[in-house]
Every structure is written in structure tokens, then in C-alpha cells.
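# Structural features, examined
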Amino acid sequence: MTHVLVVEDEPSLRQLLTNNLTFEGYLVTAVDDGGPALAAHSANRADLIVLDLMLPTMDGYQVLKQLREHQDPVPILMLTARGAEADRIQGLSLGADDYLVKPFSVLELLARIKAILRRTRPLDRPNVLKSGPFRFDLPALEVIREGKTLDLTPREFRLVEILITHPGRTHSRLELLNLAWDPDARPTPRTVDVHIANLRKKLGEEEGRPWIATVGGEGYRWIAPVEPDT
Ligand code: CA
């Protein structure tokens with residue numbers, strides 16, 4: 001069951017969101033402030049957070065900041081006040097995945113949540129995937145381009161595996177470090193850049209663009225759609 005954490009201090013809106021999300025089949029936890037939101041999330045991880053920005057004691061920006069500083073990739077849909085464009089820009093730059101401006105329709109909220117989950121959720125038990133000219137045989141640790149197996153190091157394979165199994169999602173260097181390196185290895189974010197650069201060379205380019213895009217100067221993302229190879 002997909003667990004959604006709703007963080008909204010306005011009781012009627014919180015109730016409305018809870019009722020609708022529950023009706024749609026989500027497991028819902030609802031809280032009214034930033035502190036309880038972080039506590040609820042660490043006690044029982046949410047798959048997505050609907051986060052109001054204006055909260056009584058700890059606002060949505062602080063919640064966002066804390067989560068992203070701890071490399072928590074949980075998808076976040078922010079709720080912002082009408083006309084507050086600066087809020088949206090700040091929220092997105094802090095790592096929110098999308099936003100809705102109040103007042104919004106519940107149907108739109110549900111559609112956005114579905115879209116974010118589709119975009120950010122890892123594919124179920126991937127086995128062999130294809131994307132562009134590539135086939136990724138995950139159990140065999142092989143990347144095949146036009147019938148030819150690429151000569152990747154295990155670390156390069158792990159990096160590309162992380163990116164293609166979360167298509168559309170940007171991974172920060174620190175996230176990649178945590179996912180692909182042993183903590184004892186004490187790599188630096190620069191290490192990630194070096195491995196990504198080598199990987200890009202081996203993968204080649206698509207119309208002059210690398211398959212792995214640099215996003216916002218701080219993260220990496222696989223640019224093409226990924227699907228199971230049937
Ligand atoms: Ca509020």
C-alpha cells in the first residue's frame with residue numbers, strides 16, 4: 001500500500017485530503033506541523049509527502065531542507081499560496097518534486113500524486129530493461145548496445161543500474177555515493193563525477209547529448225524512457 005504523509009495545518013483541508021486519499025486506496029498519515037511530519041516520516045516512512053509550506057512552528061521549507069540534507073529522496077508535492085511564485089521557486093530548488101497552488105481541485109492533486117509516483121518509483125523487480133539503443137541485463141550485470149556488450153567496471157554498472165531503475169529521477173552525488181560505494185571507501189563527490197564521466201564515454205551520446213544528464217549542476221539523471229525488455 002502506498003503511504004502518503006499529509007502535512008497541513010488547516011483542519012478542513014487536512015481532513016479533505018485524508019478522506020480523498022484514503023478513498024483512492026492510499027494509506028494516509030496526517031499531521032499539522034513540520035516537527036510531527038519529520039517524526040512521523042522517520043517512524044513510518046512515507047512513499048510521498050504532501051507538504052504545506054506555511055505551517056505554525058516548523059515550515060515546509062525546513063522540512064524539505066532537513067529531508068534533502070539527509071539524502072532522503074522521498075517525493076514531495078508542496079502546497080503553496082496563490083501568487084507566491086518565489087515560494088514555489090525556493091521549494092523546487094530545495095528539492096520538492098512538484099507543487100500545487102491553493103486553492104486546487106482534489107482531482108488535480110490526485111493526478112499530480114500519481115504522476116510523481118510514476119516518475120519516481122523504482123520499477124518492480126527489474127530484470128532486463130531497455131532504453132534507447134541499450135539492453136540492461138541486470139542479473140548478468142551487462143549493458144548491451146546493438147549486440148555488443150559494453151566493457152563496464154562493476155562500479156560503473158552499479159551507477160547506471162541506479163539511474164535506469166529510477167528513470168526520470170535526479171540523483172545527487174551524495175545519494176549516488178551512498179548507494180554505490182561502501183561507506184568505508186570514503187569517496188568524495190568528485191569520485192562520482194569521475195566515474196560518471198567514464199561511464200558517459202562508454203555509453204556514447206544521443207545526438208550530441210550524453211545519456212546521463214547533469215541536472216542543476218548537482219545531480220545526474222538518465223534522459224531516456226526505460227521499459228522492461230519483453
Ligand atoms: Ca498552512
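Just so we're clear, the structure is a prediction, and the values are computed from it rather than from any experiment.

The rules behind the values
Residues numbered from 1 in each chain as written. Predicted model: local features only at pLDDT ≥ 70, side-chain atom pairs only at ≥ 80, totals over all residues. Heavy atoms only, no water. Domains from an automatic or database assignment. Contact = heavy atoms within 4.5 Å. Buried area = accessible area lost by both parts, 1.4 Å probe. Salt bridge = Lys/Arg side-chain N within 4 Å of Asp/Glu carboxyl O. Polar contact = N/O pair within 3.5 Å; in protein donor to acceptor, adjacent residues only side chain to side chain. Nonpolar A, V, L, I, M, F, W, Y, C, P; charged D, E, K, R; others polar. Pairing = 2+ DSSP bridges. Helix = DSSP H or I, 4+ residues; strand = E, 2+ residues; numbered from the N terminus. Axes fitted to C-alpha atoms, helices over the stretch in contact; angles between N-to-C directions. Phe/Tyr/Trp six-rings, centres within 6.5 Å; stacked < 30°, edge-to-face > 60°. Buried < 20%, exposed > 50% of the residue type's maximum accessible area, 1.4 Å probe, protein only. Expected span 1.5 Å × (residues − 1). Arc of directions from axis to C-beta.

## Observations concerning the domain arrangement of the protein chain
- For the protein chain, the assigned domains read domain 1 (3-120) and domain 2 (128-228).
- Contacts between the two partners involve four residues from domain 1 and, on the opposite side, eight residues from domain 2.
- For the pair domain 1 and domain 2, the summed buried area comes to about 470 Å², and 49% of that belongs to carbon and sulfur atoms.
- Linking domain 1 to domain 2 there are zero salt bridges.
- Applying the counting rule to domain 1 against domain 2 returns one residue pair in polar contact (both at pLDDT 80 or more).
- Broken down by class, the residue content of the side of domain 1 that touches domain 2 amounts to one nonpolar, two polar and one charged.

## A word on the sheet that holds strand 1 (residues 3-7)
- Here five strands make up an open sheet; going across it, the order is 2-1-3-4-5 and the pairing parallel. Across the chains shown, the open sheet's two edge strands, defined by having one partner strand only, are strand 2 (27-31) and strand 5 (98-101). When the angles between neighbouring strand axes are averaged without regard to direction, this sheet yields 20 degrees.
- Sheet topology places strand 1 next to strand 2; five bridges connect them, and they run parallel. Looking across to strand 2, one finds that His 3 is bridged to Leu 27.

## Things to note about the packing of aromatic side chains
- Tallied over the full model, the rule gives five aromatic pairs.
- Between Phe 134 and Trp 211, the ring centres sit 5.2 Å apart and the planes meet at 85 degrees, which makes this aromatic pair edge-to-face. Of this pair, Phe 134 sits in strand 7 (residues 134-137) while Trp 211 sits in the loop between strand 12 (209-210) and strand 13 (212-215); the two residues are 77 residues apart in sequence, bridging distant segments of the chain. The same class applies to Phe 134 as to Trp 211, namely buried.
- Residues Trp 211 and Trp 222 carry aromatic rings whose centres are separated by 5.9 Å and whose planes lie at 20 degrees to one another, so their mutual orientation is stacked. With Trp 211 in the loop between strand 12 and strand 13 and Trp 222 in strand 14 (residues 219-222), the pair connects residues that are eleven residues apart, well separated along the chain.
- A relative accessible area of 1% places Trp 222 in the buried class.
- Here a set of aromatic residues connected by ring pairs shows up, and it is made of Phe 134, Phe 136, Trp 211 and Trp 222.

## A word on unusual backbone geometry
- In this model, Lys 102 is joined to Pro 103 through a cis peptide bond whose omega is -5 degrees.
- The backbone phi angle of Leu 141 is positive, close to 55 degrees, even though this residue is not glycine.
- Along the chain, Leu 141 falls in the loop between strand 7 and strand 8 (142-145).
- Even without being a glycine, Glu 207 presents a positive backbone phi close to 50 degrees.
- Within the fold, Glu 207 resides in the loop between strand 11 (205-206) and strand 12.
- When its relative accessible area of 76% is taken as the criterion, Glu 207 is described as exposed.

## Focus on helix 5 (residues 106-120)
- Its 15 residues place the ends of helix 5 21 Å apart at the C-alpha level, agreeing with the 21 Å of an ideal helix rising 1.5 Å per residue.
- Within the sequence span of helix 5, burial applies to Val 106, Leu 109, Leu 110, Ile 113, Ile 116, Leu 117 and Thr 120. Burial along helix 5 is one-sided: seen end-on, the buried residues are contained in an arc of 130 degrees. Exposed side chains of helix 5 directed beyond 90 degrees from the buried face belong to Leu 107 and Arg 118.
- Taken together, the buried residues of helix 5 touch helix 1 (11-23), strand 3 (48-52), strand 4 (76-80) and strand 5.

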